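Here is what each chain is made of, one letter per residue.
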Amino acid sequence: PATSAGKPTITSTSTKTMVIGKQVQVTVVGTNFQAGAKASFTDEASQSVEAPLSYTDNSSVKVTYTPTGTKAYTSTLTITNPDKQTATYNLSVTLT
């Protein structure tokens, strides 16, 4: 039988802070990323917003996102592999 891949993990991101209204490309470093993975961020209302993900290899992906909102908040980045296993990481969203 096919063995399932390990659960993805996020160990670091190229930025810890995003600015509302400014597009950012976040390089995400971790383990067990799979080609075909999807990314999402939570917005100010904690709703999940899908973000384009560019797969580099199993330890690095790039995610492009433009945060929205009216006040500073914490956004949770979620990387979801095709096998539905996920990794999460929190980033700060600021007004400036």
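These lines cover the structure that appears in this document, whether it is placed above or below. Because the structure is a prediction, the values reported are computed rather than measured.

What follows deals with the sheet that holds strand 2 (residues 17-19). Taken in spatial order, the 5 strands line up as 2-9-8-4-5 in an open sheet, and their pairing is mixed. Of all the strands in the sheet, just strand 2 and strand 5 (48-51) have a single pairing partner and so form its edges. The average angle at which neighbouring strand axes cross in this sheet is 35°, direction not considered. Across 4 bridges, strand 4 (residues 38-42) lies against strand 8 (residues 73-80) in antiparallel orientation. Bridge assignment links Ala-39 to a residue of strand 8, and that residue is Ile-79.

What counts as what
- Residues numbered from 1 in each chain as written.
- Predicted model: local features only at pLDDT ≥ 70, side-chain atom pairs only at ≥ 80, totals over all residues.
- Heavy atoms only, no water.
- Pairing = 2+ DSSP bridges.
- Helix = DSSP H or I, 4+ residues; strand = E, 2+ residues; numbered from the N terminus.
- Axes fitted to C-alpha atoms, helices over the stretch in contact; angles between N-to-C directions.

Fair warning: the whole summary comes from geometry, so function is off the table for now.
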